[in-house]
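Chain and residue survey
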Amino acid sequence: MRICLVSETWTPEVNGVAHTLAQLSGELLARGHHLQLIRPRPRVPGSAARMASELQVPGLAVPGYRQVRFGLPATRRIARWWRETPPDVVYLATQGPLGWSAQRAARRLGLPLVAGWHTNFDHYCRDYGIPWLAPLVEARLRTFHNRCAATLVPTHAQRDDLRQRGFQGLRCMARGIDGTRFSPGHRDEALRRRWGAGPHTPVALHVGRLAPEKNLDLLRDSFRAMRAAHPGLRLVVVGDGPSRRSLERSLPEAHFTGFVSPEALARHYASADLFLLPSLSETWGNVLLEAMASGLGVIAFRHAAGAELIDDGHTGLSLAAGDEAGFRDAAVALCQHPARWARLGRAARTRALDYTWSAITDTFLSTLEDARENRHATASACRV
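On a predicted model such as this, the values are computed, not experimentally measured, just so you know.

1. As for the overall build of the protein chain
- When its secondary structure is counted, the protein chain shows 15 helices and 15 strands.
- Expressed along its principal axes, the backbone C-alpha trace of the protein chain runs to roughly 75 × 45 × 40 Å.
- In the protein chain, which comprises 384 residues, the share counted as buried stands at 54%.
- Contacts spanning at least 24 positions in sequence make up 66% of the contacts within the protein chain whose residues lie at least 6 apart.
- Averaged over its 49 positive side-chain charges, the protein chain has a centre that lies 6 Å from the centre of its 35 negative ones.

2. Looking at the nonpolar core
- Ranked by internal contacts, the top residues of the largest apolar core, which has 56 residues, are Ile-3, Leu-205, Tyr-269, Phe-275, Leu-288 and Phe-364.
- Within the second largest apolar cluster, 28 residues are counted, among which are Met-226, Leu-233, Leu-319 and Leu-344.

3. Points about the sheet that holds strand β8 (residues 150-153)
- In spatial order, the strands read β3-β2-β1-β6-β7-β8-β9; together these seven strands make up an open sheet with parallel pairing. Pairing within the sheet leaves two strands with one partner each, and these edge strands are β3 (53-57) and β9 (170-172). Ignoring strand direction, the axes of neighbouring strands in this sheet form an average angle of 20°.
- Where strand β1 (residues 2-6) and strand β6 (residues 89-92) come together, four bridges link them in parallel fashion. For Ile-3, the partnering residue across the bridge sits in β6 and is Val-89.
- Helix-sheet contacts for helix α6 (residues 156-164) involve β8 and β9, and the interaxial angle to β9 is about 170°.

4. Some words on the packing of aromatic side chains
- For the structure shown, the criterion picks out seven aromatic pairs.
- Ring plane angle 45° and centroid distance 6.0 Å describe the contact between Trp-284 and Tyr-355, whose orientation is recorded as tilted. On the criterion of sequence distance, the pair formed by Trp-284 in the loop between β13 (274-277) and α11 (286-293) and Tyr-355 in the loop between α14 (338-352) and α15 (357-383) is long-range, its members being 71 residues apart. Like Tyr-355, Trp-284 is buried.
- One aromatic cluster in this structure is built from Phe-182, Tyr-269 and Phe-275.
- Taking the ring centre of Trp-100 as reference, the NZ or CZ of Arg-140 above it sits at 4.1 Å.

What counts, and at which threshold
Residues numbered from 1 in each chain as written. Predicted model: local features only at pLDDT ≥ 70, side-chain atom pairs only at ≥ 80, totals over all residues. Heavy atoms only, no water. Helix = DSSP H or I, 4+ residues; strand = E, 2+ residues; numbered from the N terminus. Buried < 20%, exposed > 50% of the residue type's maximum accessible area, 1.4 Å probe, protein only. Contact = heavy atoms within 4.5 Å. Lys, Arg positive; Asp, Glu negative; His and termini not counted. Charge placed at Lys NZ, Arg CZ, Asp CG, Glu CD. Core = buried A, V, L, I, M, F, W, Y, C linked by side-chain atoms within 4.5 Å. Pairing = 2+ DSSP bridges. Axes fitted to C-alpha atoms, helices over the stretch in contact; angles between N-to-C directions. Phe/Tyr/Trp six-rings, centres within 6.5 Å; stacked < 30°, edge-to-face > 60°. Lys NZ or Arg CZ within 6 Å of the ring centre and 35° of its normal.

Remember, this is a structural readout, not a statement about activity or role.
In C-alpha cells, the structure reads:
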C-alpha cells in the first residue's frame with residue numbers, strides 16, 4: 001500500500017509516539033510498502049526519515065517544553081501534495097494542528113483515515129492545573145477520532161473506556177519489543193560500578209520523561225522509602241524534562257543520566273534489578289515492556305501496559321490505580337528480596353517476548369487495509 005503517516009513528532013525526538021512510529025515504519029518498509037511522512041520541520045538539521053517522500057511544515061515548540069513540538073495548520077499545502085501523490089490510506093498519529101489539517105485535506109480528497117490514540121491529552125489537563133478544560137478537549141478528540149474509519153488504541157481497557165465515552169471504530173493495537181536489543185545479556189558491570197553498585201548491590205531504575213504528568217512525587221517517595229529500608233540501594237533515573245531539577249534536588253543520592261543513546265539505554269535496563277513506573281498518564285508505556293524484556297522486577301499500577309502485561313506476583317507487582325501507599329510498600333518489600341525480584345524478572349521477560357513488532361504491524365496493516373477497502377466499497381456504491 002501507499003501509506004501516509006502524519007505526526008507532530010518523529011525520531012530522534014524521545015517519546016512513545018516517535019518510538020512506535022519508528023518501529024512500525026521500519027517493519028512496513030521491510031515489507032515493501034510505500035511510505036509518505038508529513039511532520040513539522042525538525043529542530044535538528046539532517047534528521048532525515050527513510051521515506052519514499054516527505055512533506056515538512058513549519059512547527060513551534062510547546063511553550064515551556066521545548067522537547068515537544070506541534071505543526072502549524074497546513075491544509076491547502078497537504079491537499080496539493082496529495083493531489084500529486086495520493087496515498088491509499090492516511091494514518092493520523094497525533095491530534096495537534098497538523099493532524100487536524102491532514103484530516104481536513106484527506107476528507108476533501110476522499111482518502112481513508114485511520115487514527116492512533118497515543119496520548120491522553122484530556123488527562124494532561126488535570127496534571128497541568130486546568131481540569132476545567134478536560135471536557136472540551138475530550139469533545140474535540142471525540143470529533144477528531146469519529147471522523148476516521150478506525151482508531152487504534154493500545155489496550156483493551158482503553159478501548160472499553162473510550163467506547164463508553166462515545167468514541168467509535170475502536171480497535172486494539174499493543175506495542176512490541178525487540179527481545180534481542182532489550183535483554184539481560186546486556187548487563188554491564190562497569191556501568192554498575194560507575195553507579196557505585198557492586199555485583200550484589202541492588203539498583204532501582206526509572207526511565208521516562210520527567211514531567212508533572214508522570215507522578216514523580218510517588219517515584220521520589222518510593223525511592224526514599226526503599227533507601228531507608230536498604231541503605232545500600234542505588235537509584236538511577238534515565239530521562240529528562242521540565243521536572244528534572246526539582247527531582248534532582250529531592251533525590252541528591254540518585255544518579256541522573258538525562259537521555260541516553262539507544263544502545264546505552266539497553267545496558268542501563270539490563271544493569272539494574274528493579275524498575276518503578278508510578279505514572280498513570282500512559283496510554284501504553286513502552287518503558288515497562290522494555291524493563292520486562294530486560295529481566296527486571298517491575299512495579300507498576302494496573303493501568304495501561306501494567307494492566308495488560310503484569311500478572312501480579314508472577315511477572316511483576318501491580319497495584320490498583322491510585323494506591324500510592326500500596327505502590328510504595330510493594331517497592332520497599334521487593335528491594336529486600338533478591339531471589340524474588342530475580343524470579344519475577346525471568347517471568348517478566350518470557351511475557352514480554354510475546355509482543356513482537358511483526359505481530360503488531362500485522363494488526364496495523366489489517367486496520368489500514370479494512371479502511372481502504374471500506375472506502376472503495378462506499379465509492380463504488382455511490383457510483384451505482
